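Coordinate inspection notes
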Amino acid sequence: RPTLTASRLVDADARRTRITVMTAATDQVEQERLYERLRELAAQHTPNRFAVFFAGPVLRWIAQNRYVSIGKVLSLLATSVCVLAFCTVAFRCLGAGFLSTVPLLVSTVATFGVMGWTGIRLNMATAITTSIGLGIGIDFGIHFMSQLRRELTVAPTESAVAATMARTGHAILY
């Protein structure tokens, strides 16, 4: 174990010091609680003339997870708007555009609901997984609406919906 000397703790001008805190916390929430507690302690026990800055890999990890969460929400909103616009143009009908986004929204809500229910937090790995689910939801919506439009050309609405559910509904649900 190295001995602590003033030269290792304070810079040459005796104006700055570095304090290293090691943690075994690997849980995101626990790391954030630790960081907030350290900030509180620094604020309580440090005179106003001193500035305290925090740095290190744990803070980078906390920041990355926050940006991933914010980015995921913005991505979901942007994707929903783009899918709505694309499907509205492709099907030449605003109602069809909205109906095409329903599977997207259902799959997204179901994914995040299951994640929350089981205690899985949103992080970089789970953000990738939810993006895959989002893509599947988009595909199902477009697939369903395309089949429904084909069925509507040869059958009344109720029969077209039933035929679409019989043909593509099973594939979407399973």
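Look a little higher up for the structure.
Residues numbered from 1 in each chain as written. Predicted model: local features only at pLDDT ≥ 70, side-chain atom pairs only at ≥ 80, totals over all residues. Heavy atoms only, no water.

**Remarks on the side chain of Asn 65**
Heads up, the rule is: Working definition: helices are DSSP H or I runs of at least four residues, strands are E runs of at least two. Numbering for both runs from the N terminus. Working definition: with a 1.4 Å probe on protein chains only, accessible area under 20% of the residue-type maximum means buried, over 50% means exposed, and in between means partly exposed. Residue contacts follow a heavy-atom distance rule, with two residues in contact if any of their heavy atoms lie within 4.5 Å.
Of note, Asn 65 is situated in helix 3 (residues 57-91). Classification of Asn 65 by relative accessible area gives buried; the value is 1%. Dropping the residues within four chain positions of it, Asn 65 is found in contact with Gln 28, Asn 123 and Met 124.

**Describing the pattern of salt bridges**
Put simply, the rule is: Take a side-chain nitrogen of Lys or Arg and a carboxyl oxygen of Asp or Glu: if they are within 4 Å of each other, that pair is a salt bridge.
Across all of its chains, the model carries 3 salt bridges by this definition. A salt bridge links Arg 39 to Glu 36; its shortest N-O distance comes to 3.8 Å. Of this pair, Arg 39 and Glu 36 are both found in helix 2 (residues 28-45), 3 residues apart, which corresponds to roughly one turn of the helix. Among the residues examined, Arg 39 registers a relative accessible area of 41% and is labelled partly exposed.

**Examining the packing of helix 3 against helix 4 (residues 94-118)**
What counts here: Under this scheme, a helix contributes an axis fitted over its contacting stretch, all axes are lines through C-alpha atoms, and angles between N-to-C directions fall in the 0 to 180 degree range. In these notes the angle categories are as follows: under 35 degrees is roughly parallel, over 145 is roughly antiparallel, 65 to 115 is roughly perpendicular, and the rest is oblique. With the far helix as reference, a near helix turned anticlockwise by less than a right angle produces a left-handed crossing, and one turned clockwise produces a right-handed crossing.
Viewed as axis vectors pointing N to C, helix 3 and helix 4 meet at an angle of 155 degrees, and their least axial separation amounts to 7 Å. Relative to helix 4, the element helix 3 is oriented roughly antiparallel. For the pair helix 3 and helix 4, the sense of crossing is right-handed. Contacts from Lys 72, Leu 76, Ser 80, Val 83, Leu 84, Cys 87, Thr 88 and Phe 91 of helix 3 reach helix 4 at Leu 94, Ala 96, Gly 97, Phe 98, Ser 100, Thr 101, Leu 104, Leu 105, Thr 108 and Phe 112.

**Remarks on the side chain of Thr 164**
Mapped onto the elements, Thr 164 comes out in helix 6 (residues 157-173). Thr 164 sits in the buried class, given a relative accessible area of 0%.

**A word on the state of the cysteines**
Selection criterion: Two cysteine sulfurs form what is called a disulfide whenever their separation falls within 2.5 Å.
Evaluated as defined, the whole model comprises 0 disulfides. Cysteine Cys 82 shares no disulfide, and the gap to the nearest cysteine sulfur, in Cys 87, comes to 11 Å.

**As for the nonpolar core**
Keep this limit in mind: Nine residue types can take part in a nonpolar core, namely buried Ala, Val, Leu, Ile, Met, Phe, Trp, Tyr and Cys, and a core is a set of them joined through side-chain atoms within 4.5 Å.
Counting residues in hydrophobic clusters, the biggest one holds 11 residues: Leu 76, Val 83, Cys 87, Phe 91, Ala 96, Leu 104, Leu 134, Phe 144, Met 145, Leu 148 and Ala 160. Every element with two or more residues in this core is listed here: helix 3, helix 4 and helix 5 (124-152). Contact partners of Ala 96, with chain neighbours within four places excluded, come to Phe 91 and Met 145.

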